[in-house]
Amino acid sequence: MQQENSQDRLWSKDFLIVFGVNFLLFLCFYLLVVIMPTYAAEEFHASTGMAGFASSIFVVGALIGRLIGGSIIERVGRRPLLLTGLVSFSVLIGLYFIINSLAVLLIVRFLHGLAFALASTATGTIAASLIPNSRRGEGTGYYGVSIIIASAIGPFIGLMILEHASMTGNFVLCAILGVLSLVSSLFMRIPKLVLTAEQAREMKGFRLSNFIELKALPISIISFVMGFGYSSILSYLKIFAGEIGLVEAATYFFIVYAIVVILSRPFTGRWFDHRGANVVMYPAIVSFAIGILLLGLAHHGITLLLSAVFVGLGYGTTQSSSQALAIKRSPAHRIGLATSTFYIFVDVGIGFGPLLLGFLTPLAGFRGMYMTIAVLLALSVILYYFLVGKRESREKAARTAA
C-alpha cells in the first residue's frame, strides 16, 4: 500500500477526535429530538402542536447560533468557540433534570439549539482546516459519516431507553455524552488562523457578508432543496408506512440508508477530488429523486428499502459534496462562515420543510407529496447547472487545457 504523503494525510489524531466530538454532539441531538414531543405531552400535558414546537424550537435556536458562530469564529478563535459551545451544551443538558413547566422547557430547548450550533459550527470548521485540499471531497465525506451514524442509531437508542427505562435515562445518557465530548476536545490540536488587519476589518460590522458567505451561497441553495426533500422522510415516513402497512420495513429504512452512505463515501469522495464535483452531484441528485419516487410508489417492503438505497446514494452524497464545495469556494479565513452558511440552509430545509409539506399532504396525500418532491428534485438538476455546474465545467475545462 502506498504511504500517505504527510501533507495529504487525512486520518490524523486530531481529525479522529473532531470526528468523535461531532458524533457525540449529533448523537445527543437525535436522542432527544425523537423523545421530546412525548416528553412535553406526558410531563406538561402539552397539545400536539406545542409538543412538536418543543422539538422544533431547537432548530430556531440552532439557526441563530449558526449565524452568530459563523460570523465570530475566526475573530474569537476556533478553540474558544468550541469550548463555549460544548460547556454550554453540557450545562443545558443538566437543566432538563429540573425543568418544571412547558415555558421553561421551550427556553431550554432554544438555548440548547444555540449551544449545539456554536459547537457544531466549530467542529465543522476545525475538521475543514484539518482536511488537505487535495482530499477535500473524500475528507468531508468521511467527516459527514459522524452525523450519518448518529442519525441512524440515535433515534433507535432514544426510543429503546424510553420504552425500557424512563425519560430520565435519555437525559443521563446525553449528560454523559456531553461531558465526554468536552473532555475529548481538550486533547485536540486546533490549527490557528491569524487574520490580517484587512481581514479583521472586513469581518467586523453588521453586514450580510459577515453572517453569510456569499461564495458558498449557490451550493447552499442546492443543499436547502435537498434538505427540504429529506425532511419529508424524517417527518412523515413513519406515518406513511403505517398508512400503507409497511411499518416493519420502515424500521430498517435508516439502517439501510446509513450502510449505503458509509459504503459509498470512499468512492464518491475520491471521484469528487479527482474528477470534479459535477461527476458526483448530477448522478446523486437524480438518485435522490429516484429514491423519493420509489418511496411514493412503494407497496412492498423491498421497494421501500430499495428507496433507502437510492436516497443514501443521493442525499448522502449531495450533502457531503455540497459542504466540500462550499468550503472549496470560500477563502481560507472564511471557512467558518462557509460552514455555518451551508448548515443554515440545510437546517432551514429540514426544519421548516415539514411545516410547508403539512399543507400539501391533506390535498395530495402522502403518495402525491412524495411524487411532487421527486419532480422538484429532478428539476433541481437544472438549478444546480445554472448555480454551480456550469462554472464547475468551465473551470475543469480550463484546468485540462492548462
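Residues numbered from 1 in each chain as written. Predicted model: local features only at pLDDT ≥ 70, side-chain atom pairs only at ≥ 80, totals over all residues. Heavy atoms only, no water.

*Asks:* Would you mind showing me how to read the overall build of the protein chain here?
*Replies:* Counting its secondary structure elements, the protein chain contains 14 helices and zero strands. Going from N to C terminus, the protein chain has its helices and strands arranged as α-α-α-α-α-α-α-α-α-α-α-α-α-α. Since a compact globule built from 402 residues should have a radius of gyration of about 21 Å, the 21 Å found for the protein chain is in line with a globular shape. Each principal axis of the C-alpha atoms in the protein chain carries an extent, and together these give about 60 × 45 × 45 Å. Of all 402 residues assigned to the protein chain, the portion counted as buried reaches 53%. The long-range share in the protein chain, meaning contacts at least 24 apart out of those at least 6 apart in sequence, stands at 85%. Measuring between centres, the 28 positive side-chain charges of the protein chain sit 9 Å from its 17 negative side-chain charges. (Helix = DSSP H or I, 4+ residues; strand = E, 2+ residues; numbered from the N terminus. Rg over C-alpha atoms; globule rule 2.2 N^0.38 Å. Buried < 20%, exposed > 50% of the residue type's maximum accessible area, 1.4 Å probe, protein only. Contact = heavy atoms within 4.5 Å. Lys, Arg positive; Asp, Glu negative; His and termini not counted. Charge placed at Lys NZ, Arg CZ, Asp CG, Glu CD.)

*Asks:* How should the side chain of T123 be read in this particular structure?
*Replies:* Among the structural elements, T123 can be located in helix α5 (residues 102-130). At 3.2 Å, the side chain of T123 forms a polar contact with the side chain of Y143. Setting aside residues up to four positions removed in sequence, T123 forms contacts with V18, V21, N22, L25, L82 and Y143. (Polar contact = N/O pair within 3.5 Å; in protein donor to acceptor, adjacent residues only side chain to side chain.)

*Asks:* Would you mind going over the pattern of salt bridges with me for this structure?
*Replies:* Two side chains that carry opposite charge are able to pair once their charged atoms sit near each other. A full pass over the atoms with the stated rule returns eight salt bridges. Notably, a salt bridge pairs E138 with R270, separated by 3.4 Å at the nearest N-O pair. A residue pair is termed long-range when its members are at least 10 positions apart, and E138 in helix α6 (residues 136-164) and R270 in helix α11 (residues 253-275) qualify at 132 residues. Here R270 falls in the partly exposed class, since its relative accessible area comes to 39%. (Salt bridge = Lys/Arg side-chain N within 4 Å of Asp/Glu carboxyl O.)

*Asks:* In this structure, what is going on with unusual backbone geometry? I would like to understand it.
*Replies:* With glycine set apart, most residues show a phi of negative sign, and most peptide bonds adopt trans. Positive phi, normally seen in glycine, also occurs at H45, with a value near 55°. Within the fold, H45 resides in the loop between α2 (36-44) and α3 (48-76).

*Asks:* What am I meant to see in the packing of aromatic side chains here?
*Replies:* How two aromatic rings sit relative to each other is set out by the distance from centre to centre and by the angle between their planes. According to the stated counting rule, one finds 24 aromatic pairs in the structure shown. Ring centres of F253 and F254 lie 5.4 Å apart, and the angle between their planes is 75°; on these two criteria the pair is classed as edge-to-face. Aromatic ring contacts, followed pair by pair, group F26, F29, Y30, F58, F89 and F116 into a single cluster. (Phe/Tyr/Trp six-rings, centres within 6.5 Å; stacked < 30°, edge-to-face > 60°.)

*Asks:* What's the story with the packing of helix α1 (residues 13-33) against α5 in this structure? I'm lost.
*Replies:* The relative placement of two packed helices comes down to the angle between their axes together with the axis-to-axis distance. The interhelical angle for the contact between α1 and α5, taken along N-to-C directions, is 155°, at an axis separation of 10 Å. Between α1 and α5, the interaxial angle falls into the category roughly antiparallel. For the pair α1 and α5, the sense of crossing is left-handed. Residue-level inspection shows D14, F15, V18, V21, N22, L25, F26, F29, L32 and V33 of α1 in contact with α5, the latter providing R109, H112, F116, A119, S120, T123, I126, A127 and L130. (Axes fitted to C-alpha atoms, helices over the stretch in contact; angles between N-to-C directions. Parallel < 35°, antiparallel > 145°, perpendicular 65-115°, else oblique. Left-handed = near helix turned anticlockwise from the far one by under 90°.)

*Asks:* What is the right way to read the nonpolar core from this model?
*Replies:* Among soluble globular proteins, nonpolar side chains are generally buried collectively. Counting 109 residues, the largest nonpolar core has L105 and Y384 as its most contacted members. A per-element tally of this core places α1 first, with 14 residues. (Core = buried A, V, L, I, M, F, W, Y, C linked by side-chain atoms within 4.5 Å.)

*Asks:* Just checking my understanding: could you explain the packing of α6 against helix α7 (residues 167-185) for this structure?
*Replies:* Packing of α6 against α7 brings their axes to within 7 Å, and their N-to-C directions diverge by 135°. What the angle tells us is that α6 and α7 run oblique. Crossing hand, α6 versus α7: right-handed. Only M167, G169, N170 and L173 of α7 make contact with α6, whose side of the interface consists of I157, G158, I161 and L162. Residue classes in the contact of α6 with α7 are distributed as five nonpolar, three polar and no charged. (Nonpolar A, V, L, I, M, F, W, Y, C, P; charged D, E, K, R; others polar.)

*Asks:* For this particular structure, what's the right way to read helix α9 (residues 217-244)?
*Replies:* Owing to its 3.6 residues per turn, the α-helix aligns residues three or four sequence positions apart on the same side. Here α9 is 28 residues long and its end C-alpha atoms lie 39 Å apart, about the 40 Å a rise of 1.5 Å per residue gives. Considering bend angle alone, the principal kink of α9 is centred on Y236 and spans about 65°. G245 occupies a position one or two residues after α9 and carries a positive phi of about 75°. (Expected span 1.5 Å × (residues − 1). Bend = angle between axes of the 7 residues up to and from the residue.)

*Asks:* Before we go on, may I ask you to explain the side chain of T341 in this structure?
*Replies:* Assignment of secondary structure puts T341 in helix α14 (residues 335-401). When residues no more than four places from it in sequence are discounted, the contact partners of T341 are F211, I212, E213, A216 and S220.

*Asks:* Teacher, can you tell me more about a nonpolar patch on the surface here?
*Replies:* A surface patch of nonpolar side chains, about 530 Å² in accessible area, is lined by V60, I64, I68, F352, L355 and F359. Every element with two or more residues in the nonpolar patch is listed here: α3 and α14. (Patch = residues over 30% accessible without salt bridge, like charges linked within 9 Å, V, L, I, M, F, W, Y side chains within 5 Å. Areas by Shrake-Rupley, 256 points an atom, 1.4 Å probe, with all protein chains shown as cover.)

*Asks:* Sorry, what's going on with the confidence of the model for the protein chain here?
*Replies:* The predicted structure's coordinates, where accompanied by low pLDDT, should not be read in detail. Confidence in the prediction of the protein chain, expressed as mean pLDDT, is 86, and 94% of residues score 70 or more. Looking at the elements of the protein chain, mean pLDDT is at its lowest for helix α8 (residues 197-202), recorded as 66, and at its highest for helix α12 (residues 277-297), recorded as 95. (pLDDT = per-residue confidence, 0-100.)

*Asks:* Explain α11 here, please?
*Replies:* Relative to the 33 Å expected for 23 residues at 1.5 Å per residue, α11 spans 31 Å between its end C-alpha atoms, a close match to the ideal helical length. Of all the bends in α11, the greatest, near 45°, is centred on R265, and the proline P266 appears no more than four residues after it. Looking at α11, one finds that the buried residues are F253, Y257, A258, V260, V261, S264, R265, P266, T268, G269 and F272. Looking at the buried side of α11, the elements it contacts are α6, α9, α10 (247-250), α12 and α13 (301-329). G276 lies just past α11 and shows a positive phi near 105°.

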